[in-house]
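Descriptive structure summary
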Amino acid sequence: KAGVTQTPRYLIKTRGQQVTLSCSPISGHRSVSWYQQTPGQGLQFLFEYFSETQRNKGNFPGRFSGRQFSNSRSEMNVSTLELGDSALYLCASSRGEDIQYFGAGTRLSVL
Amino acid sequence: GEDVEQSLFLSVREGDSSVINCTYTDSSSTYLYWYKQEPGAGLQLLTYIFSNMDMKQDQRLTVLLNKKDKHLSLRIADTQTGDSAIYFCAESIGSNYQLIWGAGTKLIIKP
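Let me begin by describing the structure that accompanies this report. (Residues numbered from 1 in each chain as written. Chains lettered and ligands numbered in written order. Predicted model: local features only at pLDDT ≥ 70, side-chain atom pairs only at ≥ 80, totals over all residues. Heavy atoms only, no water.)

Here we look at the interface of chain B and chain A
Contact residues are listed per partner, giving 16 residues for chain B and 19 residues for chain A. Contact between chain B and chain A buries roughly 1500 Å² in total, counting both sides, with carbon and sulfur atoms accounting for 59%. Along the contact surface separating chain B from chain A lie 0 salt bridges. In this assembly, chain B and chain A are joined by 4 residue pairs in polar contact (both at pLDDT 80 or more). Taken together, the elements giving at least two residues each to the side of chain B that touches chain A come down to strand E4 (29-37), strand E5 (44-50) and strand E10 (96-101) of chain B. (Contact = heavy atoms within 4.5 Å. Buried area = accessible area lost by both parts, 1.4 Å probe. Salt bridge = Lys/Arg side-chain N within 4 Å of Asp/Glu carboxyl O. Polar contact = N/O pair within 3.5 Å; in protein donor to acceptor, adjacent residues only side chain to side chain. Helix = DSSP H or I, 4+ residues; strand = E, 2+ residues; numbered from the N terminus.)

If you want it as structure tokens, here you go:
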């Protein structure tokens, strides 16, 4: 069974641009969660989607948004990028209320 | 609020056992997890334990949960150089699907 796939693996953007990250969950998993990992703040929860609905949201500004498609694939968008958005963005999938499995992450660098 | 704490570093000799400790504050945890992160990589699920269990063993890994003291530990028997990584403790709480993370413990293996 294929694992969680995140694309792209690396991104370089400049301040003010926007970016879209993609996550394909494990087949059969309907929940996708997104996390931001930085050296200073550690791992922080962004949001979680289940069956195309956002069920839970962390404390991030509105520049961070997401969506989930009918095939459970999810995208995360960050608009008006700031230097502080440089991070490893991790996606996790689960069946809904249980174990979360992570992808390899997308490393975003904002210049 | 919810909080998960871990010491930042642990140094052990190759072949010895490693014990990584974690304390959490929310008594309504449903699952408690251990994830492993190698440099430049995503999070690998190592093991997990339901909150109604006291112990779980999986090959070289032993997880102990003390609910009274809100203490979780991960023991790695016969530690090898390939075990060098950062180990994260995390808890999921009730119907809130986000994970609350510790800061991670860097395991250093001495030859």
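Re the sheet that holds strand E7 (residues 61-66) of chain B
All names here are of chain B. Judged by pairing direction, the sheet is antiparallel, and its 5 strands sit side by side in the order E1-E3-E8-E7-E6 without closing on themselves. Looking at which strands have only one partner, the edges of the open sheet turn out to be strand E1 (4-6) and strand E6 (55-58). Averaged over all adjacent pairs, the angle separating strand axes in this sheet is 15 degrees, with direction ignored. Across 6 bridges, the pairing between strand E3 (residues 18-24) and strand E8 (residues 71-76) is antiparallel. (Pairing = 2+ DSSP bridges. Axes fitted to C-alpha atoms, helices over the stretch in contact; angles between N-to-C directions.)

Let's talk about the side chain of B:Thr105
Residue and element names in this part refer to chain B. By the element assignment, threonine 105 lies in strand E11 (residues 105-110). A relative accessible area of 1% places threonine 105 in the buried class. A distance of 3.0 Å separates polar atoms of two side chains, one belonging to threonine 105 and the other to glutamine 6. Sequence-distant contacts of threonine 105, defined by excluding residues within four places in its chain, comprise Gln6, Ser7, Leu8, Phe9, Leu10, Ile20, Ala85, Ile86 and Tyr87. (Buried < 20%, exposed > 50% of the residue type's maximum accessible area, 1.4 Å probe, protein only.)

Brief notes about the sheet that holds strand E1 (residues 5-7) of chain A
All names here are of chain A. With respect to topology, 4 strands assemble into an open sheet ordered E1-E3-E8-E7, the strand pairing being antiparallel. Of all the strands in the sheet, just E1 and strand E7 (64-68) have a single pairing partner and so form its edges. Pairs of neighbouring strands in the sheet enclose a mean axial angle of 20 degrees, with direction left out of account. Judged from the 5 bridges that link them, E7 and strand E8 (residues 74-78) form a sheet pairing that is antiparallel. Counted as the bridge partner of glutamine 68 is serine 74 from E8.

Some words on the state of the cysteines
Here a disulfide denotes one covalent bond, and it connects the sulfur atoms of two cysteines. Residue and element names in this part refer to chain A. Throughout the structure, instances matching the rule amount to 2 disulfides over all chains. Here cysteine 23 connects covalently by a disulfide to cysteine 91, the sulfurs 1.6 Å from one another. Looking along the S-S bond of the cysteine 23-cysteine 91 disulfide, the torsion reads about -45 degrees, which is the left-handed sense. Separated by 68 residues along the polypeptide, cysteine 23 in strand E3 (residues 19-24) and cysteine 91 in strand E9 (residues 87-94) bring together distant segments of the chain. (Disulfide = S-S within 2.5 Å.)

Let's talk about the side chain of A:Ser31
Residues and elements named next belong to chain A. Looking at the secondary structure, you find serine 31 in strand E4 (residues 31-38). A distance of 2.6 Å separates a polar atom in the side chain of serine 31 from a polar atom in the side chain of glutamate 48. If near-sequence neighbours (up to four positions away) are discounted, serine 31 is found in contact with Glu48, Tyr49, Phe50, Arg55, Ala92, Ser93, Ser94 and Gly96.

Observations concerning the nonpolar core
Judged by nonpolar contacts, the single largest core of 22 residues is most densely connected at B:Trp34, B:Leu72, B:Leu74 and B:Tyr87. When residues in this core are grouped by element, the largest group, 4 residues, is from strand E9 (residues 85-93) of chain B. Setting aside residues up to four positions removed in sequence, B:Leu74 forms contacts with B:Ser18, B:Val19, B:Ile20, B:Trp34, B:Leu46, B:Thr47, B:Leu61, B:Thr62, B:Val63 and B:Tyr87. Of all hydrophobic cores here, the second largest spans 21 residues; its members include A:Leu11, A:Leu21, A:Phe64 and A:Met76. (Core = buried A, V, L, I, M, F, W, Y, C linked by side-chain atoms within 4.5 Å.)

Looking at the packing of aromatic side chains
Within this structure, the stated rule accounts for 14 aromatic pairs over all chains. Taking 5.7 Å as the distance between ring centres and 70 degrees as the angle between the ring planes, the aromatic pair formed by A:Phe47 and A:Tyr49 counts as edge-to-face. Judged by its relative accessible area of 1%, A:Phe47 falls in the buried class. Of the aromatic side chains, those joined through ring pairs into one cluster are A:Tyr35, A:Phe45, A:Phe102, B:Tyr31, B:Tyr33, B:Tyr35, B:Tyr48, B:Phe50, B:Phe88 and B:Trp101. Cation over ring: B:Lys56 sits above B:Tyr48, and NZ or CZ is 3.7 Å from the ring centre. (Phe/Tyr/Trp six-rings, centres within 6.5 Å; stacked < 30°, edge-to-face > 60°. Lys NZ or Arg CZ within 6 Å of the ring centre and 35° of its normal.)

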